[in-house]
Amino acid sequence: MPAPTANAVTARTGEPSATGATRAGIHWPRVALYVILGLFCIYYLLPLYVMLVNSLKPLSEITAGGMMALPGEWTIAPWQSAWSTAQVGVEATGLRPYFINSLLMVVPAVAITTVIGALNGYVLTKWRFRGATLVFGLLLFGCFIPFQMVLIPMARMLGLMGIAGTVTGLVFVHMVYGIGFSTLYFRNYYAAFPDELVRAAQIDGAGFFTIFWRILLPSSGPIAVVCIIWLFTNIWNDFLFGASFSDFDSQPMTVALNNLVQSSTGVKEYNVHFAGAIMAALPTLFVYIVAGRYFVRGLMSGSVKG
Amino acid sequence: MGFLDIDRVTKSFGGLKVLHETDISVEEGEFLVLVGPSGCGKSTLLNMIAGLEEVSSGQIVINGRSMNGVKPADRNIAMVFQSYALYPNMTVRGNISFGMEMHGIPKKEREKKIAEVAELLQISQLLDRKPGQLSGGQRQRVAMGRALTRDPDVFLFDEPLSNLDAKLRVDMRTEIKKLHQKLGTTIVYVTHDQIEALTLSTRIAVMYGGYVQQIGTPQEIYDNPANLFVAGFMGSPSMNLFPARIVSANGAPAAEISLSDGRSAVLPFAGRDGTGEEGREITLGIRPEAITEPDGADRKSRAVHVVDSRVEITEPAGSDIFVVTQMGGKDVTARFSADVPVKPGEDFQFAINMEKAVAFDPKTEARII
C-alpha cells in the first residue's frame, strides 16, 4: 500500500511546526494548576508528616522545638511504648488490649450489619409487602436521629439485656445504628436489580434464601464494599458510644487513645501520643487502600440511582 | 377441557381490575399468542399461568391439575423473559443447570441434559462464559436453553424478542417456530408485535383493556376481525378504516363512500341480500392488499369495483408500492405492484375487492358485516 504511506509522510512533514511549538513553549495555566494542586496536597499531608516524623524521634528532640524537622536519631521506642507499655487510664498496658477490643467490636458489627442490611434491601425491593415504604422510611429516619438522643434509653436497654459495659453491648449499639444505612445502600442497589431475575429463580425452584444467597449476594460486591467501608470507618472512629457504654476492660481504641493523651502524669510524651494516634488511624486507612478502588465504583453503580 | 385451561380467571390490583373474566382453552401442542398493546393484561395473564401472580378469581388448570396455590416451581412450566433474566454471576452452564439443581437432579444427569440442550441450540462453545460476555441473540438462546432443560408441560414466553434488533428478531422468530415444531410442547407466548403473533401462532388471543377481544387462528383474526380494535391492531400496514353509509344497490347492501373530488362511489358488499339498514353510518374496513391497480385485482373475486381517485403519496417498498389516496375523508393506503407507473397528483383507477371488506358500527365498534 504505497499511497497511504506517502500521504502519511507528507502529513508528518507538515506537522512539526505546530506540535513543536506547543511542546517547546510552556503551558502556563497548566503549570499554575499543578502548583496549586501540589500546595493543597502538601497542606493536607502536612499533619500526617508531622505525626509520622515526631512518632519516630526521641521526646527530647520534640521538646527542643523541632516539630517539622526529620528525626536526628531514628527510634521506634515510642511505637513500642504506645503499643504495649504506656500508661492508659490506670494501667500501664499500652494500647494493645484496646486495639483488640476495637477489632472485636468492629468486625462482628460490620459483618452482621452488612448482612442484615442486604437482607432488608432484598425484602424491601423484591418481596414488597404492604407498608414496605413506611418501614423503609422509618429505617431511614433512624439514620438521622442524633447520637446524643439515644444515650440514656440505650444505656437502660443495655442494662436490661445484661450486656452493659461489654464489647457485645457496643456491637449491638453500632448494629442498631448501622442497619439504617446498610439497608439504604442495599435497597437502592437492589432496586436497580431486575425483578425478572428473581422471578426466573422462582420458576427454577429457588426459595427465598436460595435466591438471596445464590443470585443477589454474589452480584452485590460493589455495594458491599461501600457499605463495609462506611460502617468500618464510622464504628472504628466512634468515640461517643465507646466512651458512654464501655467499662475499662471493654473500651475501644478511640477512648483509650484519649485516655493515653489525657491521663499521662508528669511529662507529656508527645512522640508516644503521635504513635498511638497513627495506630488508631491505621485500620481505616488500610481499609481505604485495599477497597477504596471499589468504593467509587460501588457508589456509581447503585446507591446514587434511586 | 384442554391441556391448559384458563377458567373464568380475573385479576384485580386493589380496586383496579386489570383482567376481566377470561376463558381460554389451549390444546396440547398448540402455540397460543397473547397479543395486545401495553397494559392490556396479557403479561398479567402469563404471570398467573406461571404462578408469579395469584388469580383473583377463577382457576388455571394445567394437564388436569388445578394450579391455584401451587408454587411456580411445582407447576412444571418454564418461562423465557423479555430481559432473558440470566443470572449474571453464573456461567452459561450454571444458568442452565440451576433449575435442575434446585429440583435435585443428580449432577451426572444435569451434565448430560446441558450437553443435549447446548447441542440443540448451538451454544456448546459458550458454556463457560458469563452472560455479560454474550450478544443479545446468544443470551436469548441461553434463556431458551434454561427453559428447555425442564421438559415442561407448558412453555411461557414473555416478549422474548423485543430486546433484539430487527434482523435478529426475524431469525430468532424462525428458530422459535422450528423449536416448537420439533418439540411439540404447548407454548403460550406474549407479544405486542402483531407480526410475531401472526407468524408464530397456531392461535391468537387479541387482548385490549383487560378483555380478550377475539381468539382464533391467525387467518380468522386477519380476515374476520371481531371488532374495530382487532381490525386496526392486526396487520401491517394496518387496515384502512374510513366512514361510509349503507345504501341499497339492486336489493343488496352497499357502502357509499365519498371521494376526494366530491363525487361518491357505491360499493356493493359481496354475497349479501336484503338490507333494512339504509342510511346507517358505518366504518368500512378494507385491507391495503384489497385495494389494487385494476390489473392486479384478485381474479377469483366476484366483487371488484373500480373507482377513480387522486394519488396523494407513493411509498415504494421493493416488491410493492403503497399508494395513498383519500376516501371518506381519510387517508387510505392501497397496495400496487411495483411496476405500475403511478405518480402523486394524478388520478388513477383503484380496484376495490369488496369480498374482503368488513364493516363496523362507529359507536359500539362491533362488527356489522
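Residues numbered from 1 in each chain as written. Chains lettered and ligands numbered in written order. Predicted model: local features only at pLDDT ≥ 70, side-chain atom pairs only at ≥ 80, totals over all residues. Heavy atoms only, no water.

### Some points on the overall build of chain A
Consideration 1: Helix and strand counts for chain A stand at 15 helices and zero strands.
Consideration 2: Buried positions account for 41% of the 306 residues belonging to chain A.
Consideration 3: Contacts in chain A between residues at least 24 apart in sequence constitute 70% of all its contacts with a sequence separation of at least 6. (Helix = DSSP H or I, 4+ residues; strand = E, 2+ residues; numbered from the N terminus. Buried < 20%, exposed > 50% of the residue type's maximum accessible area, 1.4 Å probe, protein only. Contact = heavy atoms within 4.5 Å.)

### Overview of unusual backbone geometry
All names here are of chain B.
Consideration 1: In this structure, the amide linkage connecting S236 to the following residue, P237, adopts the cis form with an omega of -5°.
Consideration 2: If you trace the backbone, P237 turns up in the loop between α8 (228-233) and β11 (240-249).
Consideration 3: For A85, which is not glycine, the phi dihedral falls at a positive 50°.
Consideration 4: Examined against the element boundaries, A85 turns out to sit in the loop between β6 (77-80) and α2 (92-102).
Consideration 5: The residue E365 is not glycine, and still its phi comes out positive at about 65°.
Consideration 6: Looking at the secondary structure, you find E365 in the segment after β20 (358-360).

### Regarding helix α12 (residues 221-237) of chain A
Consideration 1: Helix length check: α12 of chain A, at 17 residues, gives a terminal C-alpha distance of 24 Å against a target of 24 Å (1.5 Å per residue), a fit within 8%.
Consideration 2: Considered for burial, the residues of α12 of chain A that qualify are I223, A224, V225, V226, C227, I229, L231, F232, T233, I235 and W236 of chain A. (Expected span 1.5 Å × (residues − 1).)

### Some points on the side chain of S55 of chain A
Consideration 1: Examined against the element boundaries, S55 of chain A turns out to sit in helix α3 (residues 28-55).
Consideration 2: Given a relative accessible area of 0%, S55 of chain A falls into the buried group.

### Overview of the interface of chain A and chain B
Quite often, the size of an interface is put as the accessible area lost when its parts meet.
Consideration 1: On the side of chain B, 27 residues touch chain A, which itself brings 15 residues to the contact.
Consideration 2: Considering only the side of chain A, the residues that lose the most area to chain B are E196, I203 and D204 of chain A, jointly responsible for 40% of the buried surface there.
Consideration 3: Seen at the junction of chain A and chain B, the total is two salt bridges.
Consideration 4: Two residues, R199 of chain A and E53 of chain B, come together in a salt bridge whose shortest N-O distance is 3.6 Å.
Consideration 5: Our count for the chain A to chain B interface comes out at eight residue pairs in polar contact (both at pLDDT 80 or more).
Consideration 6: Broken down by secondary-structure element, the contributors of at least two residues to the side of chain A that touches chain B are α10 (195-204) and α11 (208-216) of chain A.
Consideration 7: The element contributing the most residues to the side of chain A that touches chain B is α10 of chain A, with eight residues.
Consideration 8: A class-by-class count of the residues in the side of chain A that touches chain B yields seven nonpolar, four polar and four charged. (Buried area = accessible area lost by both parts, 1.4 Å probe. Salt bridge = Lys/Arg side-chain N within 4 Å of Asp/Glu carboxyl O. Polar contact = N/O pair within 3.5 Å; in protein donor to acceptor, adjacent residues only side chain to side chain. Nonpolar A, V, L, I, M, F, W, Y, C, P; charged D, E, K, R; others polar.)

### Examining the nonpolar core
Consideration 1: Of all hydrophobic cores here, the largest spans 95 residues; its most connected members are I215 and L216 of chain A together with L34, I60, L156 and V188 of chain B.
Consideration 2: Look past the residues within four positions of L156 of chain B in its chain and what remains in contact with it is L46, I49, A50, I77, A78, M79, V80 and V188 of chain B.
Consideration 3: With 41 residues, the next largest nonpolar core counts M100, A143, M144 and F155 of chain B among its residues. (Core = buried A, V, L, I, M, F, W, Y, C linked by side-chain atoms within 4.5 Å.)

### Digging into the domain arrangement of chain A
Residues and elements named next belong to chain A.
Consideration 1: Each domain of chain A was delimited in the assignment, giving domain 1 (17-77) and domain 2 (96-303).
Consideration 2: When each unit is reduced to the centre of its C-alpha atoms, the spacing between domain 1 and domain 2 is 35 Å.
Consideration 3: With nine residues of domain 1 at the contact, the number on the domain 2 side is nine residues.
Consideration 4: Together domain 1 and domain 2 conceal approximately 760 Å² of surface at their shared face, both sides included; 85% is due to carbon and sulfur atoms. (Domains from an automatic or database assignment.)

### Here's the deal with a nonpolar patch on the surface
Residues and elements named next belong to chain A.
Consideration 1: A surface patch of nonpolar side chains, about 1200 Å² in accessible area, is lined by I26, W28, V31, V35, L39, I42, L46, Y49, M67, M68, L70 and W74.
Consideration 2: Within the secondary structure, W74 sits in the loop between α4 (59-63) and α5 (77-85).
Consideration 3: Taking the relative accessible area as the measure of exposure, W74 reaches 55% and is therefore exposed. (Patch = residues over 30% accessible without salt bridge, like charges linked within 9 Å, V, L, I, M, F, W, Y side chains within 5 Å. Areas by Shrake-Rupley, 256 points an atom, 1.4 Å probe, with all protein chains shown as cover.)

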